[in-house]
Amino acid sequence: MTTEFRSEAEVLAPQLVSWRRDLHQHPELAFRETRTADLVARSLSRLDIEVRTHVGRTGVVGLLRGGRPGPTVMLRADMDGLPIQENSDAPYASQVPGVMHACGHDGHVAMLLGAATLLSEHAADLPGDVLFVFQPAEEGLGGASAMLADGLLTDPMPAAAFGLHLWNTMPMGRVCAQAGPMMAAADVIQVVVRGRGGHGALPHEAVDAIAVTGQILSALQTIVSRNVDPQEMAVLTIGTVHGGTAFNIIAETVALEGTIRTFSPAVRETVLTRLKVLLDGIAAGMGARYDLKVQDVAPAVVNDPGITEIARAAAVQVVGATSVAWHAPLMVSEDFSEYQRLVPSCYMLLGSGNPALGLDAPHHNPRFDFDETVLPVGAALLAMSAERFLIEGFARPGA
Ligand SMILES: [Zn+2]
Ligand SMILES: [Zn+2]
């Protein structure tokens, strides 16, 4: 028998909203989540959960011991805010200039604290332990890797992991839990084009890094459109271009930054190879040189079929079968994939948008906000996934 977590979570709703609003007013950037970590550690301690702090610098880990022997299941939330100035009239708007919870990680922390509360109330009946992971620095800065490097998954080693992201373009309460690819692998690319500076009126004595960059920018657009199989998914975006100092000076260098998003390692290899070939050819042809740095930010999120079945069953129980829906894989990335390399797991999307209330701005937007009635739904979904895994995960035939 599984627990009726949804109704228990609704009772917790005021506490969940209060945690979320407290965090929303005090957002902290990657690896600086000290106030957040403190709130998490204090809240877990009150539930008689064993707490470890400073795991991966500002990360917090809680371990709830079940009353009966069994495996360990991991639940994870991320804690970092973003360098965005919030544009909101809400009474709980960010009080920190230039920093904002614009991705919903404040909600993730509140929901995981809610799941910890729900599960701790049933600890005596749990056939196994629950590891609560509050991760810093999810936004491209390597928080998952930092926690792993600090021995997060050495003792205990969980047998399964679940996580979820609030998703504002999905209606409140809809859940996506599907096997296979869910979020893309991300690489950051940095290119410095090196020409030879000179007088703006004497181009024949210089190598114009801006003219070389112009050729590079248009050539790079052919990689996805002309080299990647149209049935595959890939993105190559150049997000910044910086070069030049004055109208009459030929720029010696131009710096570019961008990102590559792919699902298949073969497609990623194709994109990176073509990138180098084009940079080589254009630089050589125009008498310039270049430096290229590629940083592998996160592998793709690919959900384990068996664990996803458990997550889906939990979702059906929490929101009903008609609210569990398929969603196209997303080109955004998530370093939950770092745990997936080691632990069979499922990363879900939980709809948090409510256009009727104006709560449907996209993630990373200065007006981002979500429907807080989703908080008990997410807390129940996480608790239910963990409980179902502990009860049923190893009872299935062949498992
Ligand atoms: Zn984000
Ligand atoms: Zn996020």
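Coordinates for the structure precede this section.
Quantities reported herein were computed from a predicted structural model and do not represent experimental measurements. (Residues numbered from 1 in each chain as written. Chains lettered and ligands numbered in written order. Predicted model: local features only at pLDDT ≥ 70, side-chain atom pairs only at ≥ 80, totals over all residues. Heavy atoms only, no water.)

What to know about the coordination of the zinc ion (ligand 1)
Stage number 1. Surrounding the zinc ion (ligand 1) are the protein donor atoms Cys103 (SG), Glu139 (OE), Glu139 (OE) and His364 (NE2), at 2.0 to 2.7 Å.
Stage number 2. Classification of the site at the zinc ion (ligand 1) rests on its four donor atoms, whose angles at the metal span 52 to 153°, yielding the label irregular.
Stage number 3. Considered as a linear motif, the donors of the zinc ion (ligand 1) on their single chain read C-x35-E-x224-H.
Stage number 4. The zinc ion (ligand 2) is placed at 3.1 Å from the zinc ion (ligand 1), the two being bridged by Cys103. Remark: His364 occurs in the loop between strand 15 (345-353) and helix 10 (374-392) and Cys103 occurs in the loop between strand 3 (68-78) and helix 4 (105-121); sequence separation between them is 261 residues.
Stage number 5. Overall, Cys103 belongs to the buried group, its relative accessible area being 7%.
Stage number 6. Exposure remark for His364: the relative accessible area of 39% places this residue in the partly exposed category. (Donors = N, O, S within 2.8 Å, 3.2 Å for Na, K, Ca; no water. Tetrahedral: all angles 85-135°; square planar, octahedral: opposite > 155°, others 65-115°. Helix = DSSP H or I, 4+ residues; strand = E, 2+ residues; numbered from the N terminus. Buried < 20%, exposed > 50% of the residue type's maximum accessible area, 1.4 Å probe, protein only.)

Some words on the packing of helix 2 (residues 13-25) against helix 10
Stage number 1. Interhelical geometry of helix 2 versus helix 10 gives an angle of 105° and a closest axis separation of 9 Å. As judged from the angle between their axes, helix 2 and helix 10 are roughly perpendicular. Contacts between helix 2 and helix 10 involve Ala13, Leu16, Val17 and Arg20 on the former and, on the latter, Leu375, Pro376 and Ala379.
Stage number 2. Among the residues forming the contact of helix 2 with helix 10, the class breakdown is six nonpolar, no polar and one charged. (Axes fitted to C-alpha atoms, helices over the stretch in contact; angles between N-to-C directions. Parallel < 35°, antiparallel > 145°, perpendicular 65-115°, else oblique. Contact = heavy atoms within 4.5 Å. Nonpolar A, V, L, I, M, F, W, Y, C, P; charged D, E, K, R; others polar.)

Some points on the pairing of strand 2 (residues 59-64)
Stage number 1. Counting buried positions along strand 2 gives six out of six residues, so the element sits mostly inside the fold.
Stage number 2. Every second residue of strand 2 is oriented toward a common face, with Gly59, Val61 and Leu63 on one face and Val60, Gly62 and Leu64 on the other, all of them buried.
Stage number 3. Relative to strand 2, strand 1 (residues 50-55) is paired through five bridges, and the arrangement is antiparallel. If you follow Val51 over to strand 2, its bridge partner there is Gly62.
Stage number 4. Linking two consecutive strands that pair antiparallel, namely strand 1 and strand 2, is a turn of three residues; a positive phi of about 65° is found at Gly56 within it.
Stage number 5. Taken together, the five bridges between strand 2 and strand 4 (residues 127-135) define a ladder with antiparallel strand orientation. (Pairing = 2+ DSSP bridges.)

Concerning helix 7 (residues 265-286)
Stage number 1. Here helix 7 spans 32 Å end to end across 22 residues, near enough to the 32 Å set by a 1.5 Å rise per residue.
Stage number 2. Turning to helix 7, its buried residues are Val267, Val271, Leu272, Leu275, Leu278, Leu279, Ile282 and Ala283. Considered in projection along helix 7, the buried side chains sweep an arc of 135° and stay on one side of the axis. Facing away from the buried surface of helix 7 by more than 90 degrees, the exposed residues are Pro265, Ala266, Ala284 and Gly285.
Stage number 3. On its buried face, helix 7 sits against strand 8 (185-194), helix 6 (209-227), strand 10 (234-243), strand 12 (253-262) and strand 13 (289-298).
Stage number 4. Gly287 lies just past helix 7 and shows a positive phi near 75°. (Expected span 1.5 Å × (residues − 1). Arc of directions from axis to C-beta.)

Thoughts on the nonpolar core
Stage number 1. With 69 residues, the main nonpolar core has Leu75, Leu119, Val130, Phe132, Phe134, Phe162 and Met348 as its most contacted residues.
Stage number 2. Counting 24 residues, the second-largest nonpolar core is a separate cluster that includes Ala219, Leu220, Val254 and Leu272. (Core = buried A, V, L, I, M, F, W, Y, C linked by side-chain atoms within 4.5 Å.)

Here we look at the sheet that holds strand 1
Stage number 1. Taking strand neighbours across the sheet as the criterion, the seven strands line up as 1-2-4-3-5-15-6 in an open arrangement whose pairing is mixed. In this open sheet, the two strands that pair with only one neighbour each are strand 1 and strand 6 (175-176).
Stage number 2. Sheet topology note: the strand 6/strand 15 ladder contains two bridges and is antiparallel. Bridging from a neighbouring strand, Val175 pairs with Leu350 of strand 15.
Stage number 3. Its contacts with the sheet place helix 3 (residues 34-46) against strand 1, strand 2 and strand 4, and it is angled at close to 10° to strand 2.

Regarding the environment of Asp280
Stage number 1. In this structure, Asp280 sits in helix 7.
Stage number 2. Assessed through its relative accessible area of 43%, Asp280 is described here as partly exposed.
Stage number 3. As for Asp280 and Tyr290, which are separated by ten residues in sequence, their C-alpha atoms are 8.1 Å apart.

From the geometry alone we can't say anything about function, so treat these as descriptive.
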